Amino acid sequence: MKTADTAHHEGPSPFAQAAELELRSVSKRYLGQREPAISDLSLTVPAGEVCVLVGPSGSGKTTAMRLINRMIALSGGDILLGGRSVLAREPRELRREIGYVIQQVGLFPHQTVGENIATVPRLLGWAKDRTAARVRELLELIGLDAGEMAGRYPAQLSGGQRQRVGVARALAADPPLMLMDEPFGAIDPINRARLQDEFQSLQQKVKKTVVFVTHDIDEAIKMGDRIAILREGGVLAQYDTPGEILARPADEFVAQFVGADRALKRLSLTTVAELPLAAANGASATDGGNAADGASGTRGAHGENGDVAPRIPRETSVRDALSLMLSAGGRPLAVTDGDGRVLGRVTLAQVEQLLSDERAPRAADGAAGAAAGAADAAGAAGAADGTGATADTSAGAASAARAHDGQAGAASAREGAR
């Protein structure tokens with residue numbers, strides 16, 4: 001059954017809804033260049049997830065994307081889409097099964113919005129009525145009125161509208177994979193944030209496998225289920241979830257790339273709805289009892305002086321909530337649901353507790369390393385006393401080596417505690 005909130009056309013889809021993408025030891029070296037553009041790149045993107053490629057200039061982000069759809073040839077390795085090598089596919093047929101969105105959108109200026117969206121279905125030989133229905137469906141899905149917008153030309157659209165049409169065109173044939181090369185890079189900050197939010201909402205409905213290229217680590221953290229951070233030369237530095245990369249950078253390069261404000265960036269991964277909200281009377285909103293006053297919305301949430309607290313929706317990130325609280329002189333914020341009812345309050349103390357809770361596991365890891373190191377140091381001291389046999393001396397030497405690691409573990413513990 002066709003509905004307004006799905007990107008699937010009537011009847012069976014010609015392609016899978018999403019497909020796993022796997023890069024196996026992929027490399028690319030251009031003629032005349034001493035260093036490779038991509039070097040032994042291996043990663044897997046599970047079906048239906050968004051993988052963001054991010055890194056400095058010269059790290060091969062766009063090159064990797066163009067290798068996937070065979071716009072350029074592999075120098076080594078293989079790429080599998082849905083378990084099948086892209087090298088076994090005819091390039092033009094492969095590209096028709098991959099949606100592509102670029103920074104400058106790339107709409108055909110001489111074609112209407114409807115004709116642009118219908119590009120791939122037309123190449124695939126779809127019937128006219130089926131294509132027209134798909135165009136209407138996608139325009140409604142991206143929030144544009146089909147009757148008003150389908151006949152317009154790209155020059156008659158705003159930048160944000162053109163970008164939405166570009167996404168709709170990429171989805172037209174229901175591809176299992178979408179490639180997005182800095183799709184929001186040329187949009188002003190306000191519209192960019194809105195388009196990011198709209199795409200995330202759209203992705204929840206269509207669940208495509210997406211490879212998304214950006215140079216902006218904040219955009220990568222917001223958009224990605226997984227992030228691949230590339231070094232210059234296309235070397236993979238770390239591939240993990242945003243939370244893991246922010247909490248445990250693989251090395252100094254990754255730590256510097258994500259920035260010194262990693263703690264603040266981690267707050268963007270949590271919404272205020274995930275916090276144990278305080279009720280209007282100061283108790284936990286999950287305690288029951290008097291908390292009902294705070295959750296009922298009939299009297300709202302109040303600050304410490306009895307004044308009405310500013311309101312934010314429950315989907316607000318903790319980072320944005322912290323910014324608002326600091327702008328309001330540290331006042332708590334009232335958290336509301338979709339109907340505007342107050343669910344409780346978020347306070348500066350709750351944000352501090354969240355950061356403290358995230359530091360605790362790392363501090364525990366460091367403390368464990370310190371304890372193991374101390375035990376090894378004691379063993380090394382015993383070996384130095386010469387009380388053991390010759391064999392014990394060798395064991396003591398090994399313990400001495402581990403003792404050095406123990407000192408590093410102690411330093412890690414102190415860093416984690418901070």
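Residues numbered from 1 in each chain as written. Predicted model: local features only at pLDDT ≥ 70, side-chain atom pairs only at ≥ 80, totals over all residues. Heavy atoms only, no water.

**Concerning the confidence of the model for the chain**
Within the chain, residue pLDDT values average 80, and 74% of them lie at 70 or more. Residue range residues 286-300 is modelled with pLDDT below 50. Its contacts to residues more than four positions away, or to other chains, number 22 contacts. In this model residues 386-418 is a low-confidence stretch, pLDDT under 50, and it forms 31 contacts with partners more than four residues away in sequence or in other chains. (pLDDT = per-residue confidence, 0-100. Contact = heavy atoms within 4.5 Å.)

**Re the packing of aromatic side chains**
Applying the stated rule across the entire model yields 2 aromatic pairs. Residues Phe184 and Phe212 carry aromatic rings whose centres are separated by 6.0 Å and whose planes lie at 50° to one another, so their mutual orientation is tilted. With Phe184 in the loop between strand 7 (177-181) and helix 8 (189-206) and Phe212 in strand 8 (residues 209-213), the pair connects residues that are 28 residues apart, well separated along the chain. Where Phe253 meets Phe257, the ring centres are 6.2 Å apart and the plane angle is 25°; that geometry is what we call stacked. Of this pair, Phe253 and Phe257 both sit in helix 11 (residues 252-258), 4 residues apart, which is roughly one turn of that helix. The ring of Tyr30 carries the charged tip of Lys28 above its face, separated from the ring centre by 5.0 Å. Residue placement shows Arg130 over the ring face of Trp126; its charged tip is 3.8 Å from the ring centre. (Phe/Tyr/Trp six-rings, centres within 6.5 Å; stacked < 30°, edge-to-face > 60°. Helix = DSSP H or I, 4+ residues; strand = E, 2+ residues; numbered from the N terminus. Lys NZ or Arg CZ within 6 Å of the ring centre and 35° of its normal.)

**Observations regarding unusual backbone geometry**
Positioned with a positive phi, Asp40 is a non-glycine residue whose angle comes to about 50°. Here Asp40 is to be found in strand 2 (residues 38-45).

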